[in-house]
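These are the residues of each chain, in order.
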Amino acid sequence: MTKTLTTDPQSVLAGYQRHLFQCAPPLYKEPLVLTEGRGIWVTDAKGDQYLDFFAGILTTSVGHCHPEVTQRVAEQMAVLGHTSTLYLTEHQVEMAQRLAAIAPGRLDTTFFTNSGTEAVETAIMLACQATDRTEIIALRHAYSGRSVLATNMTAHAAWRPLAASIPGIVHARSPYPYRCPVKTPCDSGCLDALARDLEEAIQTCTSGKPAAFFAETIQGVGGYIVPPEGYFAMAADMIRSYGGLFIADEVQAGFGRTGSRWFGIEHWNVEPDIMVMAKGIANGFPVGATTTRRDIAEHWKAKTISTFGGNPVSMAAAIATNEVMVREDVPTRAAVRGAQLRKGLDTLAHEFPWIGEVRGMGLMQALEIVEDRSSKTPSSAKAKALLEAAKQEHLLIGIGGLHDQVIRIGPSLLVTEEEVDDALSRLRRACSTVT
Ligand SMILES: Cc1ncc(COP(=O)(O)O)c(C=O)c1O
């Protein structure tokens, strides 16, 4: 069946160039104008189909336009589309209960917002009130969002439009084994050095009384940096010994993405004091969530509202997404399909010497691209060539890392065995064109 094309990609591009901020550039030399999505597939305005292995930045967690999510949203919009936080709805309560059921340990109380950035802001404001302190320890290579606070917590120059403008945010060294800030090659002794660095940051760059240590459980924009065993236990003990709280950012790594567990932090057996979530929580609907223990939440004394936070339509999307996730046991699926994907990527790394490292957990896997393995010089040029070549193979993947040198892969958590094999074949063909 021939699709009737109604969107002209050239006029969309011209309209973007004329009327939208140019600071959020689309991927690719020739940007893709998408018009439809279904499961793992998206269609562009020319009618071409692409296998989506980046899921709108790890967000369409159960696939584009999942029928149950779509139906629930349409039904809710027809009944009650908006309330604000001035009125109660059963949807907010149900979603908060669902989060309490899967969140680690005693985390059972939630504030809903509309984005990861707002969830981060909420967590920091809460930690400051709960400790009566204001200083934050974040990590280098972090990405926390696009507000003034979140860009100050972000530690990638390219994502920081302002010089540091909020005092009291200091960045400890990133637990990044492939580019270990302590020594090469990284070994088990580096954990002690990272602990000394964290403590030194607290002792020398703060008043010695930090409100919180804030970290992504896997640094996403940084290039899926997986901390070594024992890092989070050390960091949580350290911050608590100085009277601060541990905040885990699960915006990318949450909701089964890392395989076998609902949240990334559970792999390290650490219970955070506060956890932030967004992206995959509602399969593309704008939902952010900050979840904590009741006793910590009670420290928020000032009034606050969120006009759109916990909106009934967004909550309907989140509930339907969560129902699908629980029924389909996405943590187990991500572990199984993630192992398949990882095996295929490891095979590619044997074949192509410019793949410096394959890393990640579950269905959050990355390739760090280098000029050559001995120098480990980051190769943004090769990574971008691979991104474009994958597009020619009708495979969508992502890019990240401090130097745009990391290929990021994160498909829907419902991806099938055949789809993973298909993506690996396309990626292999794309790799063979990179020189
Ligand atoms: C780990 C992490 N935290 C926070 C954010 C901010 O989320 P949002 O873009 O929804 O504001 C992002 C976005 O990529 C992220 O990756």
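Each remark here, short or long, concerns the structure printed above.
Residues take numbers from 1 onward in each chain, read along the sequence in its written order. Given that this is a predicted model, residues contribute local features only at a pLDDT of at least 70 and side-chain atom pairs are listed and counted only at 80 or more, while totals for whole chains, interfaces and linings are drawn from all residues. Working from all heavy atoms in the structure, the side-chain values ignore hydrogens and water.

When their charged atoms lie close together, side chains carrying opposite charge are able to pair. Here, a salt bridge means any side-chain nitrogen of Lys or Arg that lies within 4 Å of a carboxyl oxygen of Asp or Glu. One pass over the structure, following the stated rule, counts 22 salt bridges. Between R327 and E68 there is a salt bridge, and its shortest N-O distance comes to 2.8 Å. Here R327, found in helix α10 (residues 312-328), pairs with E68, found in helix α3 (residues 67-79); they are 259 residues apart in sequence, far enough to count as distant. Residues D295 and R293 are paired through a salt bridge, measuring 3.0 Å at the closest nitrogen-oxygen approach. Residue classification places D295 among the partly exposed positions, given a relative accessible area of 41%. Three exposure classes are used, based on accessible area relative to the maximum for each residue type with a 1.4 Å probe and protein chains only: buried under 20%, partly exposed in between, and exposed over 50%. When its relative accessible area of 14% is taken as the criterion, R293 is described as buried. One salt-bridge network, in which partners are shared between bridges, spans E68, R327, E328 and R333. Helix numbering and strand numbering both begin at the N terminus, where a helix is a DSSP run of H or I of at least 4 residues and a strand a DSSP run of E of at least 2.

Close contact between α3 and α10 brings their axes to 8 Å; oriented N to C, the two are set at 155°. Comparing their axes, α10 and α3 come out roughly antiparallel. As α3 runs across α10, the sense of the crossing is right-handed. Across the interface between the two elements, E68, V69, R72, V73, Q76 and M77 from α3 touch P312, V313, A316, A317, I319, A320, T321, E323, V324 and R327 from α10. Axes here mean lines fitted to C-alpha atoms, for a helix over just the part in contact, with angles spanning 0 to 180 degrees between N-to-C directions. For this classification, under 35 degrees means roughly parallel, over 145 means roughly antiparallel, 65 to 115 means roughly perpendicular, and everything else is oblique. Working rule for handedness: look at the near helix, and if it is turned counterclockwise from the far one by less than a right angle, call the crossing left-handed; if clockwise, right-handed. The contact rule is simple, with two residues in contact once any of their heavy atoms fall within 4.5 Å.

Backbone-to-backbone hydrogen bonds pair the strands of a sheet. The strands run either parallel or antiparallel. When DSSP finds at least two bridges between two strands, those strands are taken to pair. Overall, antiparallel pairing links the 4 strands, which are arranged β11-β12-β15-β14 in an open sheet. Each end of this open sheet is capped by a strand with a single partner; those strands are β11 (355-361) and β14 (398-400). Direction aside, the axes of adjacent strands within the sheet are offset by 25° on average. In the sheet, β11 pairs with strand β12 (residues 364-369) via 6 bridges, with the strands oriented antiparallel. When the bridges of β12 are listed, R359 appears paired with A366.

On to the layout of surface pockets, then. Approximately 600 Å³ is the volume found for the second largest pocket. Every element with two or more residues in the lining of the second largest pocket is listed here: α4 (90-102), β4 (109-113), α5 (116-131), β10 (288-292) and α9 (294-297). No other element matches β4, which puts 5 residues into the lining of the second largest pocket. Of the residues contributing to the lining of the second largest pocket, the split by class is 11 nonpolar, 11 polar and 4 charged. Using protein atoms alone on a 1 Å grid, points that fit a 1.4 Å probe yet trap it form a cavity, whereas open point sets bounded by protein on both sides within 12 Å along at least five of seven lines form a pocket; residues with an atom within 4 Å of a point count as lining. Grid points are joined across faces, edges and corners, and a volume is the space filled by probe spheres set on the points. Under this grouping Gly is polar, as are all residues other than the nonpolar Ala, Val, Leu, Ile, Met, Phe, Trp, Tyr, Cys and Pro and the charged Asp, Glu, Lys and Arg.

At a closest axis distance of 9 Å, the pairing of α4 and α10 adopts a crossing angle of 35°. Two packed elements cross with a definite hand, and for α4 against α10 that hand is left-handed. Mapping the contact onto sequence places H91, Q92, E94, M95, R98 and I102 in α4 and P312, M315, A318, I319, N322 and E323 in α10. Taken together, the residues of the contact of α4 with α10 sort by class into 6 nonpolar, 3 polar and 3 charged.

It is worth spelling out empty space enclosed by the protein at this point. This structure, assessed with the given rule, holds 2 cavities of 30 Å³ or more. Taken as a whole, the largest cavity holds about 50 Å³ of empty space. Lining the largest cavity are L58, S61, V251, Q252, G254, F255, R257, G280, M325 and L413. Of the residues in the lining of the largest cavity, the class split is 5 nonpolar, 4 polar and 1 charged. Taken together, F53, L341, L395, I397, I409, A423, L424 and L427 make up the full set of residues lining the second largest cavity. Partitioned by chemical class, the residues of the lining of the second largest cavity number 8 nonpolar, no polar and no charged.

Take the environment of L51 next. Looking at the element boundaries, L51 is found in strand β3 (residues 49-52). The exposure class assigned to L51 is buried, which follows from its relative accessible area of 0%. A C-alpha to C-alpha distance of 10.0 Å links L51 and G37, two positions 14 residues apart in sequence. With residues near it in sequence (within four places) discarded, L51 still touches I40, W41, H394, L395, L396, E419, D422, A423 and R426.

Mapped onto the elements of the fold, Y87 is located in the loop between α3 and α4. A sequence separation of 305 residues divides Y87 from Q392, and the C-alpha atoms of the two residues are 49 Å apart.

Here strand β8 (residues 245-249) lies mainly inside the structure; 5 of its 5 residues are buried. Pairing of strand β7 (residues 212-216) with β8, which is carried by 5 bridges, proceeds in the parallel orientation. Looking at β8, one finds that A215 is bridged to A248. If you view a crossover with the strands going away from you and the path from the first strand over the helix to the second runs clockwise, you call it right-handed. Running through helix α8 (residues 231-241), the crossover from β7 to the neighbouring parallel element β8 is right-handed. The sheet contact formed by β8 and strand β9 (residues 274-277) spans 3 bridges and is parallel. Looking at the pairing, A248 lines up with M275 of β9.

With that settled, the discussion passes to the site of the ligand. Every residue lining the ligand is accounted for by S115, G116, T117, Y143, S144, G145, E216, D249, V251, Q252 and K279. Throughout this description, a polar contact denotes any pair of N or O atoms lying within 3.5 Å of each other; where both atoms belong to protein, one of them has to be capable of donating a hydrogen while the other can accept it, and for residues adjacent in sequence the pair is counted only when both atoms sit in side chains. Between T117 and the ligand, the recorded distance is 2.5 Å, taken from a side-chain N or O atom to an oxygen atom. The Shrake-Rupley method, run with a 1.4 Å probe sphere, supplies the accessible areas, and residue values consider only the shown protein chains as cover. For the ligand, whose unbound accessible area comes to 390 Å², protein coverage reaches 84%. Tallied by class, residues from the shell around the ligand come to 2 nonpolar, 6 polar and 3 charged. Nearness is defined per residue: one heavy atom within 4 Å of the molecule or strand is enough.

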